[in-house]
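Coordinate inspection notes
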Amino acid sequence: MKKRIAILGATGSIGTQALEIIKANPDLFEVTLLTGNNQVELLSSLSREFLPKEVVIANEEFYAPLRENLSSLPITVSAGAKALEEAVTHTDIDIVLSALVGYSGVLPTLAAIRAQKTIALANKETLVVAGELIMEEAKRMGVTIYPVDSEHSAIYQCLMGEETPPEKLILTASGGPFLRHSLEELEKVTPQQALKHPNWDMGAKVTIDSATLMNKGFEMIEAHWLFHISSQQIDVLVHPQSVVHSMVQFFDGSVKAQMGQPDMRLPISLALGLGKRIPNNYTRCDFTLISLTFEQPDLSRFPNLSYAYQALEIGGLAPCILNAANEVAVASFLQEKISFRGMSYLLEEIISQMFSSYRSFDLEALIAANEEVRLKAGALVRSGKFK
């Protein structure tokens, strides 16, 4: 029987690659829900091709043109955050691929879990912001979460068949486009330069996070929740070739590594296949042409990774605070309102002011903290302090 797929964030990098996999495997999958945010024409085009039962555009300003574009098709069109949360609960969905950007993925993913949908999770911020709540709800509802991030998919694969817990997880990081830049050079980095990742084709937000190593910090937090392991047991190594996607060390000293081309279609297809491999004709690794190197990250140049460890150590709403500040920082950098290094300075300022302010954890407190941090971070950006 075909798996019925909902893709949250269908117009993004993960969403379009998932649709490519679905198109290549029509005997395995069908699309029942597509969502987007602003890209009306692309969402309309994908909807005409895949004919889902429902399409949701989160930005309500674009509801009218989307409805007009799809008026001749038997597709229900709706708009807004609440419509998105409602859509993922429908009975004609088996798997929800959560590929939204940032905090926007939290509430729809939570709604899907409460509706007992299997989750293919590409939105790491869901677990960064609300890992405790998400994992508790998934356990309560008997829901399986399959990781889509290449690093967590690698760890998942390394743990398959193992009966004992790991001693250590080793996340690999490409190091981004500025791995060899000095502090002085980093001060002059432009958004255009930062968006040119050496190995991966990703959306703007993730690409900037990769350049600052914030992405790796968030992946460390995500790994903590997915694999029930402490931050002290999660290491990060810079691996510029992006061939080893992550490793697991066991208590006997053995290490398993999962390797492959830097191609997000591989972890996406494994998640959609619910842990079963789907044949493809993608490029294979030629190890005679590859030299693999590893090194420690330089936290003096890329401190965002250390902020993530600090947030997880504090716990409570600290990771939510870090994520909200980072989303403001990245958006501000892309708009050239703050510098590349200014993103880290902004996070440091928010951390010093707010990490000790929130301890209790529930959904209402999470939402309130997220909103307050964004207001405070926005005001700091407008001050011009981080140009």
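Residues numbered from 1 in each chain as written. Predicted model: local features only at pLDDT ≥ 70, side-chain atom pairs only at ≥ 80, totals over all residues. Heavy atoms only, no water.

Listed under "binding site: Mn(2+)" (unreviewed entry) in the UniProt record, and renumbered for this structure, are Asp149, Glu151 and Glu219. Spanning 71 residues, the named residues nonetheless gather at one spot, since no C-alpha pair among them exceeds 8.3 Å. Once residues lying within four places of it in the same chain are set aside, the contact partners of glutamate 151 are Leu171, Thr172, Lys216, Glu219, His245 and Ser246. Within polar-contact distance, the side chain of glutamate 151 engages the side chain of serine 150 at 3.2 Å. For glutamate 219, the position within the fold is in helix α11 (residues 214-227). What makes glutamate 219 buried here is its relative accessible area of 2%. Residues within four places of glutamate 219 in sequence aside, it is in contact with Lys124, Asp149, Glu151, His152 and Leu171. (UniProt positions renumbered as here; feature names shortened; annotations may be inferred. Contact = heavy atoms within 4.5 Å. Polar contact = N/O pair within 3.5 Å; in protein donor to acceptor, adjacent residues only side chain to side chain. Helix = DSSP H or I, 4+ residues; strand = E, 2+ residues; numbered from the N terminus. Buried < 20%, exposed > 50% of the residue type's maximum accessible area, 1.4 Å probe, protein only.)

Attention now moves to the sheet that holds strand β9 (residues 234-238). Within the open sheet, the 4 strands sit side by side as β9-β8-β10-β11. Their pairing is mixed. Single-partner strands in this sheet number two, and they are β9 and β11 (255-259). When the angles between neighbouring strand axes are averaged without regard to direction, this sheet yields 20 degrees. Of the strand pairs in this sheet, strand β8 (residues 168-173) and strand β10 (residues 244-249) are connected by 4 bridges, and their pairing is antiparallel. Counted as the bridge partner of isoleucine 170 is methionine 247 from β10. (Pairing = 2+ DSSP bridges. Axes fitted to C-alpha atoms, helices over the stretch in contact; angles between N-to-C directions.)

The next subject is unusual backbone geometry. Positive phi is not limited to glycine here, since histidine 228 has a value of about 55 degrees. One can find histidine 228 in the loop between α11 and β9. Given the relative accessible area of 67%, histidine 228 is considered exposed. In this structure, leucine 274 takes a positive phi of about 55 degrees despite not being glycine.

What follows deals with the sheet that holds strand β1 (residues 3-8). Paired through their backbone hydrogen bonds, the strands of a sheet run either parallel or antiparallel. Read across the open sheet, the 7 strands follow the order β4-β3-β2-β1-β5-β6-β7; overall the sheet is parallel. Where the open sheet ends on each side, the last strands, each with one partner, are β4 (76-79) and β7 (145-147). Sheet twist, expressed as the mean angle between neighbouring strand axes with direction ignored, is 20 degrees. Pairing analysis gives 3 bridges linking strand β6 (residues 118-121) to β7, with the strands arranged parallel. Counted as the bridge partner of leucine 121 is proline 147 from β7. Sitting on the sheet, helix α12 (residues 265-272) is in contact with β1, β2 (29-36), β5 (95-98), β6 and β7, with an inclination near 160 degrees to β7.

On to the packing of helix α6 (residues 125-141) against helix α14 (residues 318-334). Where α6 meets α14, the closest approach of the two axes is 8 Å, and the angle between their N-to-C directions is 150 degrees. When the axes of α6 and α14 are compared, the pair comes out roughly antiparallel. Our pair here, α6 against α14, has a crossing hand that is left-handed. Contacts between α6 and α14 involve Glu125, Val128 and Val129 on the former and, on the latter, Pro319, Cys320, Asn323 and Glu327. Tallied by class, the residues present in the contact of α6 with α14 amount to 4 nonpolar, 1 polar and 2 charged. (Parallel < 35°, antiparallel > 145°, perpendicular 65-115°, else oblique. Left-handed = near helix turned anticlockwise from the far one by under 90°. Nonpolar A, V, L, I, M, F, W, Y, C, P; charged D, E, K, R; others polar.)

Looking now at the environment of histidine 90. Inspection of the secondary structure puts histidine 90 in the loop between α4 (81-87) and β5. Classification of histidine 90 by relative accessible area gives partly exposed; the value is 27%. In this structure, the C-alpha to C-alpha distance between histidine 90 and alanine 154, residues 64 residues apart in sequence, is 31 Å.

Before going further, it helps to examine the packing of aromatic side chains. This model, assessed by the stated rule, comprises 3 aromatic pairs. Arranged with centres 6.0 Å apart and planes meeting at 75 degrees, the rings of tyrosine 146 and tyrosine 156 form a pair that is edge-to-face. A residue pair is termed long-range when its members are at least 10 positions apart, and tyrosine 146 in strand β7 and tyrosine 156 in helix α7 (residues 150-159) qualify at 10 residues. By relative accessible area, which is 23% here, tyrosine 156 ends up partly exposed. Aromatic pair phenylalanine 178 and phenylalanine 340: ring centres 5.3 Å apart, planes at 80 degrees, arrangement edge-to-face. A residue pair is termed long-range when its members are at least 10 positions apart, and phenylalanine 178 in the loop between β8 and α8 (183-187) and phenylalanine 340 in helix α15 (residues 340-354) qualify at 162 residues. Of the residues examined, phenylalanine 178 reaches a relative accessible area of 3% and is grouped as buried. Connected via pairs of aromatic rings, a cluster forms that spans Phe178, Phe333 and Phe340. (Phe/Tyr/Trp six-rings, centres within 6.5 Å; stacked < 30°, edge-to-face > 60°.)

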